[in-house]
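Residue strings, one per chain:
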Amino acid sequence: MKKFTLFFALACSLLLSGCATTFTSQVSVFHEWPGATQDKSYIFERAPGQENNPEHKLYEDLLRTRLQTLGFKEVATGTAPVLKVELQYASTLREIQASPLWQPGIYDPYWGLHFSRGIYRRHYLYYPGYWGWPGYPRGWTDISVRSTYLHQLQIRITELNGNKKLADIKASSEQFNPEISLYIPYLMDSALKDFPGKNGSTSNVELTIKD
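Rules used in this analysis
- The residue numbering used here restarts from 1 in each chain and proceeds along that chain's sequence as written.
- Confidence filtering applies because this is a predicted model: local features only for residues at pLDDT of at least 70, side-chain atom pairs given and counted only at 80 or more, and all residues used for totals across whole chains, interfaces and linings.
- No hydrogens and no water enter the side-chain calculation; it runs on all heavy atoms of the structure.
- The secondary structure listing takes helices from DSSP runs of H or I that are at least 4 residues long and strands from runs of E that are at least 2 residues long, numbered from the N terminus.
- For every residue, the accessible area (1.4 Å probe, protein chains only) is compared with the maximum for its type, and the residue is labelled buried under 20%, exposed over 50%, or partly exposed between those bounds.
- We call two residues in contact when some of their heavy atoms are within 4.5 Å.
- Note on areas: Shrake-Rupley, 1.4 Å probe, and residue coverage restricted to the protein chains presented here.
- Note on terminology: a nonpolar core comprises buried Ala, Val, Leu, Ile, Met, Phe, Trp, Tyr and Cys residues joined through side-chain atoms within 4.5 Å.
- Salt bridge, as applied in this entry: a Lys or Arg side-chain nitrogen positioned within 4 Å of an Asp or Glu carboxyl oxygen.
- Working definition: a ring pair exists when centres of Phe, Tyr or Trp rings (six-membered ring for Trp) sit within 6.5 Å. Plane angles under 30 degrees give stacked, over 60 give edge-to-face, the rest tilted.
- Counted as over-ring charges are cases with an Arg CZ or a Lys NZ within 6 Å of the ring centre that also lie within 35 degrees of the ring normal.

## Concerning the overall build of the protein chain
Then, number 1: When helices and strands are counted, the protein chain shows three helices and nine strands.
Then, number 2: For the protein chain, the sequential pattern of α-helices and β-strands runs α-β-β-α-β-β-β-β-β-β-α-β.
Then, number 3: Looking at the 211 residues of the protein chain, the share that counts as buried comes to 33%.
Then, number 4: For the protein chain, restricting intrachain contacts to residue pairs at least 6 apart in sequence, the fraction spanning at least 24 positions comes to 72%.
Then, number 5: Working note: accessible area of the protein chain is about 13,600 Å², and carbon and sulfur atoms make up 58% of it.

## What to know about the nonpolar core
Then, number 1: Judged by nonpolar contacts, the single largest core of 30 residues is most densely connected at Leu63, Ile155 and Ile157.
Then, number 2: Every element with two or more residues in this core is listed here: β1 (22-31), β2 (41-44), α2 (54-69), β4 (83-98), β7 (144-159), β8 (165-175), α3 (184-192) and β9 (201-208).

## Some remarks on unusual backbone geometry
Then, number 1: With an omega of 0°, the peptide bond between Phe195 and Pro196 qualifies as cis.
Then, number 2: You can see Pro196 is positioned in the loop between α3 and β9.
Then, number 3: Of note, Asn52 is a non-glycine position whose phi angle comes to about 55°, a positive value.
Then, number 4: Relative to the elements of secondary structure, Asn52 occurs in the loop between β2 and α2.
Then, number 5: Residue class for Asn52 comes out exposed when judged on its relative accessible area of 66%.
Then, number 6: Even without being glycine, Asp194 reaches a positive phi, approximately 60°.
Then, number 7: Overall, Asp194 belongs to the exposed group, its relative accessible area being 62%.

## Looking at the side chain of Glu86
Then, number 1: Turning to its location among the elements, Glu86 is positioned in strand β4.
Then, number 2: Glu86 gets classed as buried once you look at its relative accessible area, which sits at 15%.
Then, number 3: Beyond its immediate stretch of four places on either side in the chain, Glu86 contacts Glu45, Gln154, Ile155, Arg156 and Thr158.

## Things to note about the side chain of His56
Then, number 1: On the secondary structure map, His56 appears in helix α2.
Then, number 2: With sequence-adjacent residues up to four places away left out, His56 is seen in contact with Arg46, Gln50, Leu87 and Tyr89.

## Remarks on the pattern of salt bridges
Then, number 1: Within this structure, the stated rule accounts for 11 salt bridges.
Then, number 2: Between Lys164 and Glu32 there is a salt bridge, with its nearest N and O atoms 3.5 Å apart. Taken as a pair, Lys164 in the loop between β7 and β8 and Glu32 in the loop between β1 and β2 lie far apart in primary sequence, 132 residues in all.
Then, number 3: A residue is classified by how much of its surface remains accessible, and Lys164, at 39% relative accessible area, is partly exposed.
Then, number 4: Among the salt bridges present, the one from Arg64 reaches Glu60, with a minimum N-O distance of 3.7 Å. Here Glu60 and Arg64 lie together in helix α2, a separation of four residues that amounts to about one turn.
Then, number 5: With a relative accessible area of 23%, Arg64 lands in the partly exposed category.
Then, number 6: With relative accessibility at 3%, the residue Glu60 sits in the buried group.
Then, number 7: Linked by salt bridges that have partners in common, Arg46, Glu51, Glu60, Asp61, Arg64 and Glu74 make up one network.

## Thoughts on the packing of aromatic side chains
The relation between two aromatic rings is expressed through the spacing of the ring centres and the mutual angle of the planes.
Then, number 1: If you walk through the whole model with that rule in mind, you get eight aromatic pairs.
Then, number 2: Judged by centre distance (6.1 Å) and plane angle (20°), the ring pair of Phe23 and Tyr183 falls under stacked. With a gap of 160 residues between them, Phe23 in strand β1 and Tyr183 in the loop between β8 and α3 connect regions that are remote in the sequence.
Then, number 3: Residue class for Tyr183 comes out buried when judged on its relative accessible area of 13%.
Then, number 4: Both rings, one in Phe72 and one in Phe195, keep their centres 5.7 Å apart while their planes meet at 70°; by these two values the pair is edge-to-face. Residue Phe72 is located in the loop between α2 and β3 (73-74), and its partner Phe195 is located in the loop between α3 and β9; the two are separated by 123 residues in the primary sequence. By the burial criterion, Phe72 is buried, and Phe195 matches it.
Then, number 5: One cation-aromatic arrangement involves Lys40 over Phe72; the distance from NZ or CZ to the ring centre is 5.2 Å.

Given below as structure tokens:
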């Protein structure tokens, strides 16, 4: 048992060390980008609550830098840009149930994975079968619930005249840390990788995290 515990801890540490150097997200791309001749002058369009919001201003600065490398040019208010750029982001709390592989309860032929939620302990007993299913012994059980957060970012580019949507790109990543600000730069890089990308595609994008 001690050898198994040591092996399990070592395997987890190797997995964590590997995950620490990469960032993986899912990116969905829909666009009708006209091509290289497209005038890329733009302004930011802000939703209610984004004006005078320090957090949003920071994210806009990050996006502004990335758009500049792609040939976009932000113009001053009062001029006549061709495009408007919208930036949205959100985090959603999710829960996952983690159980040890040797937990007999999760193999219950009747209840399956829904045998227990949260922390559940019961002494060693023999449980009868259910309506013809065979019985079996159950030992101590320990089912824990861990929270994860789905961080999402959306970049929408629209023609100012005619309001034609040219690009709608969404990037999301599930993380244990609830703070979305840590992942915004990577979500932006994932969303704009190979811009405008393949229309109608959804793919996993992996980036290397620089120390």
